[in-house]
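Survey of secondary and tertiary structure
In case you want the letters, here they are:
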Amino acid sequence: MTGRTTPHRSEIRPDLVVAQAAAWVHVTSPGSCWSGVERAAISQVALAALDDPDPLPPWVTPSSAGRPLPGDGVIPAVVADAVYRIARHASTLTEDWYRGVLDAGVDPVAYVEIVGVVVAVAAVDGFFRALGAPRPPLPAPVDGPPHGVHPPVEPATLNWVVVAAPADRAAAVVQGLSAVPEEFANLERLAAAQYIPMFEMDDQAWNRGTLSRPDMELVAARLSAARECFY
Amino acid sequence: MLRESVDAIPADDRPSDDETAARHHLLESFVAAVVGDDPDRADRARAELAEAYGDEWLVDTAAVVANFEMMTRLADGTGARLYPAQWEATAAIRAEHGIDGFASHRH
């Protein structure tokens, strides 16, 4: 141990603090297909998976292993199992697995919303984990039913999931959450603070005065390789 | 993106190869340490990065890590595929770096 302390929260860029705080409220508030309480449960399961000191292998579900999860009784077991797998073993997901989740009764748009919640949780968790600082607790859920609104969706060639019509007009990671625009908006806010604002993406020299763009891309590439993300 | 961003820097503005290599070694060590399961190694990597470049660098590097903890799960959770042209254009680099062996390999 070096004894060095991590930067105090007050030293974290304000735009980053604001984006993360907004993400924490977002994932515990009502969405298109899930209530605020259900989204909070999805978030808690994702955090439990990320914190799990003895993770289950990808092919074993928490429900089949009798592993208790925070969302028990709030969200169906198939949802909790899917959240655990996406949070902890994303690189092992297959289209057959995804079809199995839908066959077990999860609505295709509700699945996209689950992914949106899990990725936001993984972002905030990943920041504090990388920094070696305590992660802020999730706020209390904003109770309320899902609003049920989403754009017309259709199957895509570039993703397993359904996307907002017309499909395949944007890159796969851009259209992946398009069935639930609020999830994409949250991701875009986080990405702007964590990495690069979307409108600056084509500027290969853009930076914040610390890491150069090649430095950022190196970190991105090493992290993606560590997570075995083919895309 | 990495190659494009390097190419975008005018030759006269590029840091020396030694300086770039040292910085990239620190950044790569940081990423490897914070995704690993050795807290002491991670703490050392944070300290080395902050001592070399300052706390702002540490925060901004952790933020990029966070972004790709998000984006990798987005890609894999939604079954993202490359465009056919990307698939063809990346064949050599995928083979060179063993990327086709990743569990999430799909097309």
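To be clear, the structure that these remarks concern was listed above.
Residues numbered from 1 in each chain as written. Chains lettered and ligands numbered in written order. Predicted model: local features only at pLDDT ≥ 70, side-chain atom pairs only at ≥ 80, totals over all residues. Heavy atoms only, no water.

1. Details of the overall build of chain B
Inclusion rule: Helix numbering and strand numbering both begin at the N terminus, where a helix is a DSSP run of H or I of at least 4 residues and a strand a DSSP run of E of at least 2. Only protein chains enter the calculation, and the probe is 1.4 Å; a residue is then buried if its accessible area is under 20% of its type maximum, exposed if over 50%, and partly exposed in between. We call two residues in contact whenever any of their non-hydrogen atoms come within 4.5 Å of each other. All accessible areas in this document rest on Shrake-Rupley with a 1.4 Å probe, and a residue is counted as covered only by the protein chains that are shown.
In terms of helices and strands, chain B carries 6 helices and 0 strands. Here chain B holds 107 residues, and the buried ones make up 45% of them. Long-range pairs, those at least 24 residues apart, make up 42% of the contacts in chain B with a sequence separation of at least 6. Element-wise, carbon and sulfur atoms account for 51% of the exposed surface of chain B, whose accessible area totals about 5,400 Å².

2. What to know about the interface of chain B and chain A
By a frequent convention, interface size equals the accessible area lost on bringing the separate parts together. Note the following rule: Buried area counts how much accessible surface, traced with a 1.4 Å probe, disappears from two parts once they are put together, with both parts' losses summed. In the sections that follow, a salt bridge refers to a side-chain nitrogen of Lys or Arg positioned within 4 Å of a carboxyl oxygen of Asp or Glu. As used in this structure description, the phrase polar contact means that two N or O atoms lie within 3.5 Å; if the pair is within protein, one of them must be able to donate a hydrogen and the other to accept it, and residues adjacent in sequence are counted only when both atoms belong to side chains. As a working rule, the residues Ala, Val, Leu, Ile, Met, Phe, Trp, Tyr, Cys and Pro are called nonpolar, Asp, Glu, Lys and Arg charged, and the rest polar, with Gly in that last group.
Facing 61 residues of chain B, the contacting portion of chain A comprises 69 residues. Together chain B and chain A conceal approximately 6,100 Å² of surface at their shared face, both sides included; 68% is due to carbon and sulfur atoms. The largest per-residue losses of area from chain B upon contact with chain A belong to B:Met70, B:Arg73 and B:Arg81, which jointly make up 12% of the total buried on that side. The interface formed by chain B and chain A contains 5 salt bridges. Taking the shortest distance from any N to any O, the salt bridge between A:Asp215 and B:Arg23 comes out at 2.9 Å. At the boundary of chain B with chain A, the tally comes to 19 residue pairs in polar contact (both at pLDDT 80 or more). Of all the elements in the fold, those that place two or more residues in the side of chain B that touches chain A are helix H1 (2-7), helix H2 (17-34), helix H3 (39-53) and helix H4 (55-77) of chain B. The element best represented in the side of chain B that touches chain A is H4(B), accounting for 23 residues. Of the residues that constitute the side of chain B that touches chain A, the class distribution is 32 nonpolar, 11 polar and 18 charged.

3. Focus on the pattern of salt bridges
According to the stated counting rule, one finds 18 salt bridges over all chains in the structure shown. Between B:Arg94 and B:Asp100 there is a salt bridge, with its nearest N and O atoms 2.6 Å apart. Taking the relative accessible area as the measure of exposure, B:Arg94 reaches 7% and is therefore buried. Here the residues in one salt-bridge network are A:Asp51, A:Asp125, A:Arg129 and A:Arg135, joined through shared partners.

4. A few points about the packing of helix H1 (residues 14-26) of chain A against helix H5 (residues 108-131) of chain A
Residue and element names in this part refer to chain A. Heads up, the rule is: Fitted lines through C-alpha atoms serve as axes, helices being fitted only where they are in contact, and the angles separating the N-to-C directions of these axes extend from 0 to 180 degrees. For classification, angles of less than 35 degrees are called roughly parallel, those exceeding 145 degrees roughly antiparallel, those between 65 and 115 degrees roughly perpendicular, and all remaining angles oblique. Crossing handedness is read from the near helix: turned anticlockwise from the far helix by less than a right angle, it gives a left-handed crossing, and turned clockwise, a right-handed one.
Look at H1 against H5: their axes get within 9 Å of each other, and the N-to-C directions meet at 135 degrees. Viewed along their axes, H1 and H5 adopt a mutual orientation that is oblique. When the axes of H1 and H5 are compared, the crossing they make is left-handed. For the pair H1 and H5, the contacting residues are Leu16, Gln20, Ala23 and Trp24 in the first and Ala120, Val121, Val124, Phe127 and Phe128 in the second. When its residues are assigned to classes, the contact of H1 with H5 shows 8 nonpolar, 1 polar and no charged.

5. Focus: the layout of surface pockets
Cut-off, in case you're wondering: The distinction between a cavity and a pocket rests on a 1 Å grid over the protein atoms alone: a 1.4 Å probe fits inside a cavity but cannot get out, while a pocket stays open yet meets protein on both sides within 12 Å along at least five of seven lines, and a residue with an atom within 4 Å of a point counts as lining. Grid points are joined across faces, edges and corners, and a volume is the space filled by probe spheres set on the points.
Approximately 820 Å³ is the volume found for the second largest pocket. Along the wall of the second largest pocket there are 34 residues; nearest its centre are A:Arg88, A:Arg129, A:Arg227, B:Val35 and B:Gly36. Looking at the lining of the second largest pocket, the elements with two or more residues in it are helix H2 (36-51), helix H3 (77-89) and H5 of chain A together with H2, H3 and H4 of chain B. Its residues assigned to classes, the lining of the second largest pocket comprises 13 nonpolar, 7 polar and 14 charged.

6. A closer look at empty space enclosed by the protein
Within this structure, the stated rule accounts for 2 cavities of 30 Å³ or more. Reported here for the largest cavity is a volume of approximately 50 Å³. What lines the largest cavity is simply A:Arg13, A:Gln194, A:Arg208, A:Thr210, A:Leu211, A:Met216, B:Asp60 and B:Val64. Tallied by class, residues from the lining of the largest cavity come to 3 nonpolar, 2 polar and 3 charged. If you trace the second largest cavity, you find it lined by A:Gly126, A:Arg129, A:Ala130, A:Arg227, B:Val34, B:Val35, B:Val65 and B:Glu69. Of all elements in the fold, only H5 of chain A together with H4 of chain B reach the threshold of two or more residues within the lining of the second largest cavity. By residue number, the principal contributor to the lining of the second largest cavity is H5(A), which donates 3 residues. In terms of residue class, the lining of the second largest cavity is built from 4 nonpolar, 1 polar and 3 charged.

7. With respect to the packing of aromatic side chains
Cut-off, in case you're wondering: Here is the rule: rings of Phe, Tyr and Trp (six-membered ring for Trp) pair when centre to centre is within 6.5 Å. Planes less than 30 degrees apart are stacked, more than 60 are edge-to-face, and the remainder are tilted.
Under the definition given, this model contains 6 aromatic pairs over all chains. Residues A:Phe127 and A:Phe128 carry aromatic rings whose centres are separated by 5.0 Å and whose planes lie at 85 degrees to one another, so their mutual orientation is edge-to-face. Since its relative accessible area comes to 0%, A:Phe127 is described here as buried. Considering the side-chain rings of A:Tyr195 and B:Phe68, the 4.9 Å spacing of their centres and the 85 degrees angle between planes classify their relative orientation as edge-to-face.

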